[in-house]
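Survey of secondary and tertiary structure
Single-letter residue listing:
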Amino acid sequence: MSGFLDGKTIVIMGVANKRSIAWGCTQAILKQGAQIVLTYQNDRIKKSLERFVPENADLVECDVSDDENIKQAFEKIGEKYHQIDGVIHAIAYADKETLTSGLVNTSRDGYDLAQNISAYSLIAVSRYAQPILSNPGSILTLTYFGSTRAIPNYNMMGVAKAALESSVRYLASDLGEKGIRVNAISAGAVKTLAVTGIKHHSELLKESESRTVDQKSVTTSEIGNVAAFLMSDLSTGMTGDIVYVDKGVHLI
Ligand SMILES: NC(=O)c1ccc[n+]([C@@H]2O[C@H](COP(=O)([O-])OP(=O)(O)OC[C@H]3O[C@@H](n4cnc5c(N)ncnc54)[C@H](O)[C@@H]3O)[C@@H](O)[C@H]2O)c1
(Lines give C-alpha, C1' and ligand atoms only; values in the text may rest on other atoms or scores of the structure.)
Protein backbone atom coordinates (compact mmCIF):
# COMPACT_ATOMS: atom_id res chain seq x y z
CA MET A 1 0.00 0.00 0.00
CA SER A 2 1.30 3.49 -0.68
CA GLY A 3 0.28 6.80 0.82
CA PHE A 4 1.52 9.94 2.55
CA LEU A 5 2.52 7.96 5.67
CA ASP A 6 4.65 5.42 3.80
CA GLY A 7 7.61 4.28 5.91
CA LYS A 8 6.29 5.89 9.11
CA THR A 9 5.57 4.14 12.41
CA ILE A 10 2.69 5.54 14.44
CA VAL A 11 1.71 4.60 18.01
CA ILE A 12 -2.05 4.81 18.65
CA MET A 13 -3.30 4.80 22.24
CA GLY A 14 -6.98 4.34 23.09
CA VAL A 15 -8.61 1.81 20.77
CA ALA A 16 -11.19 0.00 22.93
CA ASN A 17 -13.51 -1.24 20.17
CA LYS A 18 -14.56 -0.51 16.60
CA ARG A 19 -16.50 2.60 17.67
CA SER A 20 -13.42 4.23 19.24
CA ILE A 21 -12.14 7.45 17.64
CA ALA A 22 -8.68 5.84 17.85
CA TRP A 23 -9.94 3.04 15.60
CA GLY A 24 -11.05 5.61 12.99
CA CYS A 25 -7.50 7.04 13.25
CA THR A 26 -5.96 3.56 12.94
CA GLN A 27 -7.83 2.77 9.74
CA ALA A 28 -7.02 6.13 8.13
CA ILE A 29 -3.34 5.77 9.08
CA LEU A 30 -3.12 2.22 7.75
CA LYS A 31 -4.68 3.42 4.49
CA GLN A 32 -1.85 5.94 4.11
CA GLY A 33 0.79 3.22 4.42
CA ALA A 34 2.11 3.52 8.00
CA GLN A 35 3.11 0.70 10.35
CA ILE A 36 1.01 0.91 13.52
CA VAL A 37 1.52 0.01 17.16
CA LEU A 38 -1.60 -0.04 19.35
CA THR A 39 -1.42 0.36 23.09
CA TYR A 40 -4.15 -1.01 25.35
CA GLN A 41 -5.14 -0.29 28.94
CA ASN A 42 -5.58 -3.83 30.29
CA ASP A 43 -6.12 -7.51 29.38
CA ARG A 44 -9.87 -7.03 28.91
CA ILE A 45 -9.25 -4.45 26.17
CA LYS A 46 -6.47 -6.58 24.68
CA LYS A 47 -8.95 -9.47 24.25
CA SER A 48 -11.39 -7.11 22.53
CA LEU A 49 -8.66 -5.82 20.19
CA GLU A 50 -7.48 -9.29 19.22
CA ARG A 51 -10.89 -9.93 17.65
CA PHE A 52 -10.58 -7.24 14.98
CA VAL A 53 -7.14 -5.63 14.65
CA PRO A 54 -4.95 -6.63 11.67
CA GLU A 55 -2.48 -9.43 12.42
CA ASN A 56 0.55 -7.23 11.68
CA ALA A 57 -0.46 -4.63 14.29
CA ASP A 58 1.73 -4.73 17.37
CA LEU A 59 -0.13 -4.62 20.71
CA VAL A 60 1.63 -3.13 23.74
CA GLU A 61 0.16 -2.73 27.24
CA CYS A 62 0.08 0.82 28.59
CA ASP A 63 -2.05 1.92 31.53
CA VAL A 64 -1.52 5.68 31.64
CA SER A 65 -2.37 5.92 35.34
CA ASP A 66 1.15 4.60 36.03
CA ASP A 67 4.28 6.44 34.84
CA GLU A 68 6.42 3.29 35.04
CA ASN A 69 3.96 1.51 32.74
CA ILE A 70 4.16 4.36 30.17
CA LYS A 71 7.96 4.37 30.38
CA GLN A 72 8.16 0.60 29.85
CA ALA A 73 5.70 0.70 26.96
CA PHE A 74 7.79 3.26 25.02
CA GLU A 75 11.03 1.42 25.91
CA LYS A 76 9.53 -1.77 24.49
CA ILE A 77 8.38 0.05 21.35
CA GLY A 78 11.84 1.63 21.05
CA GLU A 79 13.59 -1.76 21.31
CA LYS A 80 11.63 -3.07 18.36
CA TYR A 81 11.32 0.02 16.11
CA HIS A 82 14.24 2.24 17.32
CA GLN A 83 12.32 5.28 16.08
CA ILE A 84 8.66 6.25 15.75
CA ASP A 85 7.15 9.16 13.83
CA GLY A 86 4.02 9.91 15.78
CA VAL A 87 1.80 9.20 18.78
CA ILE A 88 -1.97 9.55 19.02
CA HIS A 89 -3.32 9.93 22.55
CA ALA A 90 -7.08 9.20 22.49
CA ILE A 91 -7.65 8.58 26.18
CA ALA A 92 -9.96 10.06 28.81
CA TYR A 93 -11.64 8.88 31.98
CA ALA A 94 -13.70 10.18 34.89
CA ASP A 95 -15.63 8.03 37.35
CA LYS A 96 -19.40 7.85 36.98
CA GLU A 97 -20.19 9.94 40.06
CA THR A 98 -17.88 12.74 38.93
CA LEU A 99 -19.33 12.69 35.42
CA THR A 100 -22.95 12.74 36.54
CA SER A 101 -23.16 14.93 39.61
CA GLY A 102 -22.34 18.44 38.35
CA LEU A 103 -19.02 20.26 38.71
CA VAL A 104 -20.02 21.89 41.99
CA ASN A 105 -20.24 18.45 43.63
CA THR A 106 -16.91 17.14 42.26
CA SER A 107 -14.83 15.51 44.99
CA ARG A 108 -11.08 16.08 45.25
CA ASP A 109 -10.47 12.43 44.34
CA GLY A 110 -12.81 12.60 41.36
CA TYR A 111 -11.08 15.77 40.15
CA ASP A 112 -7.63 14.21 40.54
CA LEU A 113 -8.58 11.03 38.71
CA ALA A 114 -10.14 12.85 35.73
CA GLN A 115 -7.17 15.22 35.40
CA ASN A 116 -4.68 12.41 35.89
CA ILE A 117 -6.01 10.11 33.15
CA SER A 118 -7.42 12.71 30.75
CA ALA A 119 -4.82 15.50 30.88
CA TYR A 120 -1.67 14.64 32.85
CA SER A 121 -1.25 11.44 30.83
CA LEU A 122 -0.50 13.49 27.68
CA ILE A 123 2.43 15.11 29.50
CA ALA A 124 3.82 11.75 30.67
CA VAL A 125 3.27 10.14 27.25
CA SER A 126 5.09 13.04 25.55
CA ARG A 127 8.00 12.71 28.02
CA TYR A 128 8.48 8.97 27.49
CA ALA A 129 7.81 9.02 23.73
CA GLN A 130 10.21 11.91 23.12
CA PRO A 131 13.48 9.87 23.12
CA ILE A 132 12.26 7.67 20.26
CA LEU A 133 10.33 10.27 18.26
CA SER A 134 11.83 11.24 14.90
CA ASN A 135 12.45 14.77 13.66
CA PRO A 136 9.94 15.72 12.30
CA GLY A 137 7.69 13.95 14.79
CA SER A 138 4.07 14.46 15.80
CA ILE A 139 1.97 14.06 18.94
CA LEU A 140 -1.81 14.37 18.75
CA THR A 141 -4.53 14.28 21.38
CA LEU A 142 -8.33 14.38 21.27
CA THR A 143 -10.38 17.09 22.91
CA TYR A 144 -13.94 18.47 22.94
CA PHE A 145 -15.27 22.00 22.94
CA GLY A 146 -16.73 21.49 26.41
CA SER A 147 -13.28 22.87 27.32
CA THR A 148 -14.30 26.43 26.42
CA ARG A 149 -18.11 26.25 26.78
CA ALA A 150 -20.27 24.98 29.65
CA ILE A 151 -21.86 22.07 27.77
CA PRO A 152 -24.73 20.50 29.78
CA ASN A 153 -23.59 17.35 31.63
CA TYR A 154 -19.98 17.48 30.35
CA ASN A 155 -18.98 18.75 33.82
CA MET A 156 -15.54 17.76 35.07
CA MET A 157 -14.48 16.44 31.67
CA GLY A 158 -14.68 20.02 30.33
CA VAL A 159 -12.26 21.15 33.04
CA ALA A 160 -9.88 18.29 32.20
CA LYS A 161 -10.08 19.13 28.47
CA ALA A 162 -9.20 22.77 29.22
CA ALA A 163 -6.05 21.54 31.02
CA LEU A 164 -5.34 19.15 28.14
CA GLU A 165 -5.56 21.95 25.55
CA SER A 166 -3.29 24.18 27.58
CA SER A 167 -0.83 21.28 27.88
CA VAL A 168 -0.85 20.98 24.07
CA ARG A 169 0.38 24.58 23.80
CA TYR A 170 3.12 24.26 26.44
CA LEU A 171 4.30 20.86 25.16
CA ALA A 172 4.43 22.25 21.61
CA SER A 173 6.65 25.02 22.91
CA ASP A 174 8.86 22.60 24.94
CA LEU A 175 9.34 20.07 22.14
CA GLY A 176 9.50 22.40 19.14
CA GLU A 177 13.30 22.56 19.12
CA LYS A 178 13.41 18.79 18.69
CA GLY A 179 11.14 19.00 15.66
CA ILE A 180 8.23 17.45 17.57
CA ARG A 181 4.83 19.06 17.00
CA VAL A 182 1.93 18.74 19.46
CA ASN A 183 -1.66 19.33 18.35
CA ALA A 184 -5.22 18.38 19.31
CA ILE A 185 -8.31 17.55 17.31
CA SER A 186 -11.47 18.93 18.87
CA ALA A 187 -13.89 16.29 17.64
CA GLY A 188 -17.65 16.55 17.30
CA ALA A 189 -19.75 14.23 19.46
CA VAL A 190 -19.79 10.61 18.28
CA LYS A 191 -21.28 7.62 20.06
CA THR A 192 -18.42 5.74 21.70
CA LEU A 193 -17.96 3.93 25.02
CA ALA A 194 -16.56 7.12 26.60
CA VAL A 195 -19.63 9.17 25.65
CA THR A 196 -22.07 6.69 27.19
CA GLY A 197 -20.66 7.64 30.62
CA ILE A 198 -22.10 11.15 30.21
CA LYS A 199 -25.56 11.72 31.70
CA HIS A 200 -28.24 12.13 28.98
CA HIS A 201 -25.63 11.36 26.33
CA SER A 202 -28.26 10.60 23.68
CA GLU A 203 -29.55 14.19 24.01
CA LEU A 204 -25.98 15.52 23.73
CA LEU A 205 -25.43 13.45 20.58
CA LYS A 206 -28.79 14.54 19.07
CA GLU A 207 -28.19 18.21 19.90
CA SER A 208 -24.69 18.05 18.45
CA GLU A 209 -25.93 16.41 15.24
CA SER A 210 -28.62 19.08 14.82
CA ARG A 211 -25.96 21.81 15.08
CA THR A 212 -23.69 20.48 12.32
CA VAL A 213 -23.84 22.38 9.04
CA ASP A 214 -25.66 19.50 7.33
CA GLN A 215 -27.36 17.85 10.34
CA LYS A 216 -25.12 14.79 10.00
CA SER A 217 -22.67 13.92 12.76
CA VAL A 218 -18.98 13.77 12.02
CA THR A 219 -17.71 10.19 11.68
CA THR A 220 -14.68 8.53 13.27
CA SER A 221 -13.31 8.04 9.76
CA GLU A 222 -13.50 11.81 9.07
CA ILE A 223 -11.69 12.45 12.36
CA GLY A 224 -9.17 9.73 11.46
CA ASN A 225 -8.34 11.35 8.12
CA VAL A 226 -7.41 14.62 9.82
CA ALA A 227 -5.38 12.65 12.37
CA ALA A 228 -3.49 10.98 9.49
CA PHE A 229 -2.72 14.41 8.01
CA LEU A 230 -1.50 15.67 11.41
CA MET A 231 0.79 12.62 11.73
CA SER A 232 2.28 13.35 8.31
CA ASP A 233 4.96 15.73 7.04
CA LEU A 234 2.15 17.63 5.26
CA SER A 235 1.46 19.32 8.61
CA THR A 236 5.00 20.30 9.70
CA GLY A 237 3.87 23.93 9.85
CA MET A 238 1.25 23.27 12.53
CA THR A 239 1.94 23.02 16.24
CA GLY A 240 0.15 23.93 19.46
CA ASP A 241 -3.14 24.00 17.55
CA ILE A 242 -6.64 22.83 18.41
CA VAL A 243 -8.16 21.75 15.10
CA TYR A 244 -11.97 21.40 14.99
CA VAL A 245 -13.27 18.30 13.23
CA ASP A 246 -16.95 18.64 14.18
CA LYS A 247 -18.77 19.55 10.96
CA GLY A 248 -19.12 23.15 12.16
CA VAL A 249 -20.82 22.59 15.55
CA HIS A 250 -18.42 25.06 17.21
CA LEU A 251 -19.43 27.82 14.77
CA ILE A 252 -22.94 28.29 16.07
N1 LIG B 1 -16.80 10.46 21.53
C2 LIG B 1 -16.87 11.78 21.46
O3 LIG B 1 -17.93 12.36 21.21
C4 LIG B 1 -15.62 12.59 21.67
C5 LIG B 1 -15.62 13.93 21.24
C6 LIG B 1 -14.46 14.69 21.42
C7 LIG B 1 -13.35 14.11 22.03
N8 LIG B 1 -13.38 12.81 22.44
C9 LIG B 1 -12.18 12.24 23.06
O10 LIG B 1 -11.67 11.21 22.24
C11 LIG B 1 -10.85 10.37 23.04
C12 LIG B 1 -11.20 8.92 22.75
O13 LIG B 1 -12.49 8.62 23.27
P14 LIG B 1 -13.60 7.81 22.48
O15 LIG B 1 -14.80 8.69 22.41
O16 LIG B 1 -13.06 7.23 21.26
O17 LIG B 1 -14.01 6.67 23.53
P18 LIG B 1 -13.41 5.20 23.82
O19 LIG B 1 -14.11 4.76 25.06
O20 LIG B 1 -13.53 4.35 22.64
O21 LIG B 1 -11.87 5.48 24.12
C22 LIG B 1 -11.40 5.89 25.37
C23 LIG B 1 -10.12 5.10 25.61
O24 LIG B 1 -9.47 5.55 26.80
C25 LIG B 1 -8.82 4.42 27.32
N26 LIG B 1 -8.40 4.60 28.71
C27 LIG B 1 -9.14 5.02 29.76
N28 LIG B 1 -8.39 4.97 30.89
C29 LIG B 1 -7.15 4.54 30.52
C30 LIG B 1 -5.94 4.26 31.23
N31 LIG B 1 -5.85 4.41 32.55
N32 LIG B 1 -4.86 3.84 30.53
C33 LIG B 1 -4.93 3.66 29.18
N34 LIG B 1 -6.04 3.89 28.45
C35 LIG B 1 -7.15 4.32 29.13
C36 LIG B 1 -9.85 3.31 27.18
O37 LIG B 1 -9.25 2.03 27.30
C38 LIG B 1 -10.37 3.58 25.78
O39 LIG B 1 -9.62 2.86 24.84
C40 LIG B 1 -11.07 10.81 24.48
O41 LIG B 1 -10.05 11.69 24.88
C42 LIG B 1 -12.39 11.57 24.39
O43 LIG B 1 -12.55 12.51 25.44
C44 LIG B 1 -14.50 12.04 22.27
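The structure displayed is predicted, hence computed values, not measured ones. (Residues numbered from 1 in each chain as written. Predicted model: local features only at pLDDT ≥ 70, side-chain atom pairs only at ≥ 80, totals over all residues. Heavy atoms only, no water.)

This part is about the overall build of the protein chain. Secondary structure assignment for the protein chain yields eight helices and seven strands. Computed over the C-alpha atoms, the radius of gyration of the protein chain is 17 Å, within 12% of the 18 Å expected from 2.2 N^0.38 for a compact globule of 252 residues. Burial status across the protein chain gives 53% buried among its 252 residues. Here the contacts in the protein chain between residues at least 6 apart in sequence split such that 75% fall between residues at least 24 apart. Taken as a whole, the protein chain presents about 11900 Å² of accessible surface, with 49% of it coming from carbon and sulfur. Charged side chains of the protein chain number 25 positive and 28 negative; the gap between the two group centres comes to 6 Å. (Helix = DSSP H or I, 4+ residues; strand = E, 2+ residues; numbered from the N terminus. Rg over C-alpha atoms; globule rule 2.2 N^0.38 Å. Buried < 20%, exposed > 50% of the residue type's maximum accessible area, 1.4 Å probe, protein only. Contact = heavy atoms within 4.5 Å. Areas by Shrake-Rupley, 256 points an atom, 1.4 Å probe, with all protein chains shown as cover. Lys, Arg positive; Asp, Glu negative; His and termini not counted. Charge placed at Lys NZ, Arg CZ, Asp CG, Glu CD.)

Attention now goes to the packing of helix H1 (residues 21-31) against helix H8 (residues 220-231). Look at H1 against H8: their axes get within 7 Å of each other, and the N-to-C directions meet at 60°. Accordingly, the angle class assigned to the pair H1 and H8 is oblique. Seen along the crossing, H1 lies across H8 with a hand that is right-handed. From H1, Ile21, Gly24, Cys25, Ala28 and Ile29 reach across to H8, where they touch Thr220, Ile223, Gly224, Asn225, Ala227, Ala228 and Met231. When the residues that make up the contact of H1 with H8 are grouped by side-chain class, the tally is eight nonpolar, four polar and no charged. (Axes fitted to C-alpha atoms, helices over the stretch in contact; angles between N-to-C directions. Parallel < 35°, antiparallel > 145°, perpendicular 65-115°, else oblique. Left-handed = near helix turned anticlockwise from the far one by under 90°. Nonpolar A, V, L, I, M, F, W, Y, C, P; charged D, E, K, R; others polar.)

We now examine a nonpolar patch on the surface. There is a patch of nonpolar side chains on the surface, built from Val213, Leu251 and Ile252 and spanning about 360 Å² of accessible area. Inspection of the secondary structure puts Val213 in the loop between helix H7 (201-210) and H8. With relative accessibility at 58%, the residue Val213 sits in the exposed group. (Patch = residues over 30% accessible without salt bridge, like charges linked within 9 Å, V, L, I, M, F, W, Y side chains within 5 Å. Salt bridge = Lys/Arg side-chain N within 4 Å of Asp/Glu carboxyl O.)

Turning to the sheet that holds strand E6 (residues 180-187), a few remarks are in order. Strand order in the open sheet made by the seven strands is E3-E2-E1-E4-E5-E6-E7, with parallel pairing throughout. The two strands at the open ends of the sheet, each matched to only one other strand, are strand E3 (58-61) and strand E7 (242-245). The sheet shows a mean angle of 20° between the axes of neighbouring strands, taken without regard to direction. Looking at chain direction, strand E4 (residues 84-89) and strand E5 (residues 133-143) are connected through five bridges and run parallel. Within the sheet, the bridge partner assigned to Ile88 lies in E5 and is Leu140. Docked against the sheet, H1 engages strand E1 (9-13), strand E2 (35-40), E4, E5 and E6, running at close to 165° with respect to E1. Running at roughly 145° to E2, helix H2 (residues 43-50) makes contact with E2 and E3 of the sheet. (Pairing = 2+ DSSP bridges.)

This paragraph deals with the side chain of Gln115. Within the secondary structure, Gln115 is located in helix H5 (residues 108-129). Filtering out sequence-adjacent residues up to four positions away, Gln115 remains in contact with Tyr120, Met156, Val159, Ala160 and Ala163.

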